[in-house]
Amino acid sequence: LWLTEALPYFATALFVPPLVVLCDVVPPRAGEGRPEVTTRVIAAMFGTPIILQVLAGLIAAALVARCEVELRAAIVMQRLLGHRPQAFLLSLMMLGLFMSCLISNVTAPILLISV
(Lines give C-alpha, C1' and ligand atoms only; values in the text may rest on other atoms or scores of the structure.)
Protein backbone atom coordinates (compact mmCIF):
# COMPACT_ATOMS: atom_id res chain seq x y z
CA LEU A 1 0.00 0.00 0.00
CA TRP A 2 2.82 2.44 0.68
CA LEU A 3 4.33 1.90 -2.77
CA THR A 4 1.13 2.86 -4.56
CA GLU A 5 0.34 5.58 -1.98
CA ALA A 6 -3.23 4.36 -1.82
CA LEU A 7 -2.99 5.12 1.89
CA PRO A 8 -0.70 7.69 3.54
CA TYR A 9 2.59 6.45 4.97
CA PHE A 10 1.52 6.84 8.59
CA ALA A 11 -1.63 4.81 7.97
CA THR A 12 0.29 1.92 6.42
CA ALA A 13 2.76 2.02 9.31
CA LEU A 14 -0.11 1.42 11.71
CA PHE A 15 -0.83 -1.88 9.95
CA VAL A 16 2.53 -3.41 10.94
CA PRO A 17 1.84 -4.40 14.59
CA PRO A 18 -1.56 -5.98 13.92
CA LEU A 19 -0.23 -7.85 10.90
CA VAL A 20 2.74 -9.15 12.89
CA VAL A 21 0.36 -10.54 15.48
CA LEU A 22 -2.27 -11.84 13.05
CA CYS A 23 0.26 -13.57 10.78
CA ASP A 24 2.02 -15.23 13.74
CA VAL A 25 5.39 -13.76 12.81
CA VAL A 26 6.54 -13.95 16.43
CA PRO A 27 6.30 -17.51 17.72
CA PRO A 28 4.68 -17.92 21.14
CA ARG A 29 6.77 -19.09 24.06
CA ALA A 30 5.82 -22.16 26.07
CA GLY A 31 2.43 -21.67 27.70
CA GLU A 32 1.89 -18.30 26.05
CA GLY A 33 -1.35 -17.42 24.30
CA ARG A 34 -2.17 -14.81 21.67
CA PRO A 35 -2.80 -11.96 24.19
CA GLU A 36 0.64 -12.42 25.71
CA VAL A 37 2.30 -12.51 22.28
CA THR A 38 0.39 -9.37 21.30
CA THR A 39 1.52 -7.59 24.44
CA ARG A 40 5.12 -8.66 23.90
CA VAL A 41 5.14 -7.54 20.23
CA ILE A 42 3.57 -4.15 20.94
CA ALA A 43 5.91 -3.55 23.88
CA ALA A 44 8.92 -4.48 21.76
CA MET A 45 7.87 -2.17 18.93
CA PHE A 46 6.71 0.88 20.86
CA GLY A 47 7.96 0.47 24.41
CA THR A 48 11.61 1.27 23.83
CA PRO A 49 12.93 4.36 25.60
CA ILE A 50 14.13 5.98 22.37
CA ILE A 51 10.72 5.70 20.70
CA LEU A 52 9.02 7.12 23.79
CA GLN A 53 11.55 9.97 23.92
CA VAL A 54 10.91 10.89 20.29
CA LEU A 55 7.14 10.71 20.85
CA ALA A 56 7.49 12.96 23.90
CA GLY A 57 9.49 15.43 21.79
CA LEU A 58 6.81 15.44 19.10
CA ILE A 59 4.11 16.01 21.72
CA ALA A 60 6.11 18.89 23.20
CA ALA A 61 6.56 20.38 19.72
CA ALA A 62 2.81 20.08 19.10
CA LEU A 63 2.09 21.87 22.37
CA VAL A 64 4.52 24.65 21.52
CA ALA A 65 3.00 24.99 18.05
CA ARG A 66 -0.52 25.08 19.44
CA CYS A 67 0.39 27.98 21.73
CA GLU A 68 2.32 29.62 18.86
CA VAL A 69 5.37 30.13 21.06
CA GLU A 70 7.69 29.54 18.10
CA LEU A 71 6.01 32.33 16.12
CA ARG A 72 6.42 34.72 19.03
CA ALA A 73 10.07 33.75 19.40
CA ALA A 74 10.65 34.21 15.66
CA ILE A 75 8.97 37.65 15.74
CA VAL A 76 11.11 38.77 18.67
CA MET A 77 14.27 37.49 17.01
CA GLN A 78 13.35 39.23 13.75
CA ARG A 79 12.65 42.53 15.52
CA LEU A 80 15.94 42.40 17.40
CA LEU A 81 18.09 41.34 14.46
CA GLY A 82 16.44 43.31 11.67
CA HIS A 83 17.50 42.18 8.23
CA ARG A 84 20.74 40.45 9.14
CA PRO A 85 20.32 36.81 8.09
CA GLN A 86 23.69 35.74 9.50
CA ALA A 87 22.83 37.08 12.94
CA PHE A 88 19.39 35.45 12.74
CA LEU A 89 20.96 32.08 11.91
CA LEU A 90 23.52 32.48 14.70
CA SER A 91 20.78 33.30 17.21
CA LEU A 92 18.81 30.26 16.05
CA MET A 93 21.88 28.07 16.60
CA MET A 94 22.41 29.59 20.05
CA LEU A 95 18.77 28.94 20.88
CA GLY A 96 19.27 25.30 19.88
CA LEU A 97 22.40 25.12 22.02
CA PHE A 98 20.58 26.58 25.02
CA MET A 99 17.61 24.25 24.55
CA SER A 100 19.90 21.23 24.25
CA CYS A 101 21.39 22.11 27.62
CA LEU A 102 17.97 22.07 29.27
CA ILE A 103 16.10 19.31 27.44
CA SER A 104 16.91 16.20 25.48
CA ASN A 105 19.05 16.41 22.35
CA VAL A 106 16.27 14.65 20.47
CA THR A 107 13.53 17.05 21.56
CA ALA A 108 15.42 20.31 20.96
CA PRO A 109 15.71 20.01 17.14
CA ILE A 110 12.09 18.91 16.89
CA LEU A 111 11.05 22.07 18.74
CA LEU A 112 13.30 24.24 16.55
CA ILE A 113 11.97 22.91 13.23
CA SER A 114 8.94 25.17 13.37
CA VAL A 115 10.98 28.33 14.02
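Our subject is the structure that appears above.
Below: a short report on this structure. (Residues numbered from 1 in each chain as written. Predicted model: local features only at pLDDT ≥ 70, side-chain atom pairs only at ≥ 80, totals over all residues. Heavy atoms only, no water.)

Some thoughts on the packing of helix 5 (residues 69–81) against helix 6 (residues 85–102)
Okay, step 1: Helix 6 packs onto helix 5 with a crossing angle of 135° between their chain directions and a minimal axis gap of 10 Å. Taken together, the axis directions place helix 5 and helix 6 in an arrangement best described as oblique. As for how helix 5 packs across helix 6, the hand of that crossing is right-handed. Where helix 5 approaches helix 6, its residues Ala74, Met77, Gln78 and Leu81 are matched on the opposing element by Ala87, Phe88, Ser91, Leu92 and Leu95.
Okay, step 2: Taken together, the residues of the contact of helix 5 with helix 6 break down into 7 nonpolar, 2 polar and no charged. (Axes fitted to C-alpha atoms, helices over the stretch in contact; angles between N-to-C directions. Helix = DSSP H or I, 4+ residues; strand = E, 2+ residues; numbered from the N terminus. Parallel < 35°, antiparallel > 145°, perpendicular 65-115°, else oblique. Left-handed = near helix turned anticlockwise from the far one by under 90°. Contact = heavy atoms within 4.5 Å. Nonpolar A, V, L, I, M, F, W, Y, C, P; charged D, E, K, R; others polar.)

Section: the packing of helix 4 (residues 49–67) against helix 5
Okay, step 1: The N-to-C vectors of helix 4 and helix 5 enclose an angle of 65°; their axes lie 5 Å apart at closest approach. Between helix 4 and helix 5, the interaxial angle falls into the category roughly perpendicular. Contacts between helix 4 and helix 5 involve Val64, Ala65 and Cys67 on the former and, on the latter, Val69, Glu70 and Arg72.
Okay, step 2: In the contact of helix 4 with helix 5, the residues fall into 4 nonpolar, no polar and 2 charged.

Observations concerning the environment of Glu5
Okay, step 1: Inspection of the secondary structure assignment puts Glu5 in the segment before helix 1 (9–13).
Okay, step 2: Its relative accessible area of 55% is what places Glu5 among the exposed residues.
Okay, step 3: Residues Glu5 and Phe88, spaced 83 residues apart in sequence, show a C-alpha to C-alpha distance of 38 Å. (Buried < 20%, exposed > 50% of the residue type's maximum accessible area, 1.4 Å probe, protein only.)

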